[in-house]
Amino acid sequence: MLLKNYKTRLLKELSNLYDSQEIESFFYILLESYGGKKRIDLALNPEMEMDEIQLIKWENALTELKNQKPIQYIIGTTEFYGLTFLVNENTLIPRPETEELVEWIVVESRKSKVERLKILDIGTGSGCIAISLAKNLPNAEVFAMDVSEKALATAKKNAELNSVSVNFICADILKLLTFDFLPSTKLDIIVSNPPYVRNLEKSEIKPNVLEYEPHLALFVEDTDALLFYRKIAQLAKQNLSENGMLFFEINQYLGKETVELLEDLGFNNVLLKKDIYGNDRMISCCIKE
């Protein structure tokens, strides 16, 4: 079958679920993943065909797209902060807003006069935050924690894939009383993108997220939506260096509440930032005035 004809088929069969621009994006992602070809290759050779083995892959992908499975899970990879990451049902799909959080940390870290930064990423999932920081901050020793052994297995593969060294720890942050797995020296940066979507917000979540991405990494109870932020902040007070910083990705509806929580716990210079979509999305703070 001609690839251009299969593109027409995708547009026809998926039009009731996705807009045409998104379907075209799917087509070119699959073209590169399954055939190693880019948009320009098809433009230069519009009569390009797929063989029978490729057709089976495309047919399977079409079925999964009809079931609203995320394209990243279908091909098994995604791009984040200029790097390639393996993703699967055990890990959240990294999002552009989280890239902004990483960029913020990179910028602030490069201002630091600390020769050897120590960074801890809590709830690392695919490892996208920890690995991106390790890749862009060569003077950093990076630790990454998650409660899921399966997520950590993927994160370890991603560290190898991107040629960085990260120290991975399997632990439940809610059960820790101290970071006894760390060296005696204090941390310069603690970062977390913890579960923050309340159950009451499930109606806003698209089926491709709700049905495929791990709920363990997404949802918190409505009655205590800031549970992870409180616990992490309490441990951060014990383990941050004098000039250390705490960074969070947050629930866009709970910016004010998260700021108040951190201030009540004694943090200073609490800064709330919006993401590219204009939503309250990330916070930094420190212990020192």
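In what follows, the structure referred to is the one given above.
Residues numbered from 1 in each chain as written. Predicted model: local features only at pLDDT ≥ 70, side-chain atom pairs only at ≥ 80, totals over all residues. Heavy atoms only, no water.

J.: Just to check I follow, could you spell out the overall build of the chain for this structure?
T.: Looking only at helices and strands, the chain features eleven helices and eleven strands. In terms of overall dimensions, the chain is globule-like: its C-alpha atoms have a radius of gyration of 21 Å, near the 19 Å expected for 289 residues. Expressed as lengths along the three principal axes of its C-alpha atoms, the size of the chain is roughly 65 × 40 × 30 Å. Carbon and sulfur atoms provide 50% of the accessible area of the chain, an area that totals close to 14500 Å². With 33 positive and 44 negative side-chain charges, the chain shows a spacing of 2 Å between the two charge centroids. (Helix = DSSP H or I, 4+ residues; strand = E, 2+ residues; numbered from the N terminus. Rg over C-alpha atoms; globule rule 2.2 N^0.38 Å. Areas by Shrake-Rupley, 256 points an atom, 1.4 Å probe, with all protein chains shown as cover. Lys, Arg positive; Asp, Glu negative; His and termini not counted. Charge placed at Lys NZ, Arg CZ, Asp CG, Glu CD.)

J.: Sorry if this is basic, but what is going on with the packing of aromatic side chains here?
T.: One pair of aromatic rings is described through two measures. These are the centre distance and the angle between the planes. For the coordinates displayed, the defined rule picks out nine aromatic pairs. Seen from their ring centres, Trp-104 and Phe-247 are 5.4 Å apart, and the 85 degrees between their planes marks the pair as edge-to-face. Taken together, the residues span a long stretch of sequence, with Trp-104 in helix α6 (residues 96–111) and Phe-247 in strand β9 (residues 240–249) at a distance of 143 residues. No difference in accessibility class separates Trp-104 from Phe-247, as the two residues are buried. By the ring-pair criterion, three or more aromatic residues cluster together here, those being Tyr-6, Phe-27, Tyr-28, Tyr-34 and Trp-58. The ring centre of Tyr-28 lies 4.0 Å from the NZ or CZ of Arg-39, which sits over that ring. (Phe/Tyr/Trp six-rings, centres within 6.5 Å; stacked < 30°, edge-to-face > 60°. Buried < 20%, exposed > 50% of the residue type's maximum accessible area, 1.4 Å probe, protein only. Lys NZ or Arg CZ within 6 Å of the ring centre and 35° of its normal.)

J.: Looking at this structure, how should I read the environment of Phe-248?
T.: Assignment of secondary structure puts Phe-248 in strand β9. Sequence separation between Phe-248 and Ser-284 is 36 residues, and the spatial gap between their C-alpha atoms is 6.6 Å. Ignoring sequence-local partners within four residues, the contact set of Phe-248 consists of Leu-101, Ser-192, Pro-194, Tyr-229, Ile-232, Ala-233, Leu-262, Arg-281, Met-282 and Ile-283. (Contact = heavy atoms within 4.5 Å.)

J.: Explain the pairing of strand β6 (residues 187–192) to me, please; I cannot follow it from the model alone.
T.: Within a regular strand, side chains alternate between the sheet's two faces. Of all six residues in β6, six are buried; the element is thus mostly enclosed. Pairing of strand β3 (residues 117–122) with β6 involves four bridges; the strand directions are parallel. Bridge pairing links Leu-120 to Ile-190 in β6. Looking at chain direction, β6 and β9 are connected through five bridges and run parallel. Bridge assignment links Ile-189 to a residue of β9, and that residue is Met-245. (Pairing = 2+ DSSP bridges.)

J.: So what exactly am I meant to see when it comes to the packing of helix α1 (residues 3–13) against helix α2 (residues 20–35) here?
T.: A pair of packed helices is characterised by two quantities: the angle between their axes and the separation of those axes. Between α1 and α2, the shortest axis-to-axis distance is 10 Å and the interhelical angle comes to 140 degrees. In terms of orientation, α1 and α2 fall into the oblique class. As α1 runs across α2, the sense of the crossing is right-handed. Judged by residue contacts, Leu-3, Lys-7, Leu-10 and Leu-11 of α1 engage Ser-20, Ile-23, Glu-24, Phe-27, Tyr-28 and Leu-31 from α2. (Axes fitted to C-alpha atoms, helices over the stretch in contact; angles between N-to-C directions. Parallel < 35°, antiparallel > 145°, perpendicular 65-115°, else oblique. Left-handed = near helix turned anticlockwise from the far one by under 90°.)

J.: Help me out: how do you make sense of the layout of surface pockets in this one?
T.: In this approach a probe as big as a water molecule rolls over the atoms, and the regions it shows empty are the leftover space. Considering only enclosed or pocket space, the second largest pocket measures out at about 260 Å³ in volume. Around the second largest pocket, the lining is made up of 15 residues, and of these Glu-108, Ser-112, Val-114, Asn-243 and Met-245 lie nearest the centre. Going through the elements one at a time, α6, β6 and β9 are the ones with two or more residues in the lining of the second largest pocket. With six residues, the single largest contributor to the lining of the second largest pocket is β9. Of the residues assigned to the lining of the second largest pocket, the class counts are five nonpolar, five polar and five charged. (1 Å grid on protein atoms, 1.4 Å probe; cavity = no way out; pocket = protein on both sides within 12 Å on 5 of 7 lines; lining within 4 Å. Points joined across faces, edges and corners; volume = space filled by probe spheres on them. Nonpolar A, V, L, I, M, F, W, Y, C, P; charged D, E, K, R; others polar.)

J.: How should I be thinking about the sheet that holds strand β10 (residues 268–274) in this particular structure?
T.: Taken in spatial order, the seven strands of this open sheet run β5-β4-β3-β6-β9-β11-β10, and their pairing is mixed. Two strands bound the open sheet, and with one partner strand each, they are β5 (166–170) and β10. The average undirected angle you get between the axes of adjacent strands in this sheet is 15 degrees. In this sheet, strand β11 (residues 280–286) lies alongside β9 in antiparallel orientation, the contact comprising five bridges. If you follow Glu-249 over to β11, its bridge partner there is Met-282.

J.: Sorry if this is basic, but what is going on with the side chain of Thr-91 here?
T.: As for its placement among the helices and strands, Thr-91 is situated in the loop between β2 (83–86) and α6. Discounting residues that sit within four places of it in the chain, Thr-91 has contacts with Tyr-73, Gly-125, Ser-126, Ala-151, Thr-154 and Pro-214.

J.: I tried to follow the pattern of salt bridges on my own but got confused; where do I start?
T.: Working definition: two side chains of opposite charge can pair if their charged atoms are close together. Tallied over the full model, the rule gives 15 salt bridges. For the salt bridge of Lys-38 with Glu-32, the shortest nitrogen-to-oxygen distance reads 2.9 Å. Of the residues examined, Lys-38 reaches a relative accessible area of 45% and is grouped as partly exposed. One connected set of salt bridges, linked through shared partners, spans Arg-9, Glu-13, Glu-59 and Lys-66. (Salt bridge = Lys/Arg side-chain N within 4 Å of Asp/Glu carboxyl O.)

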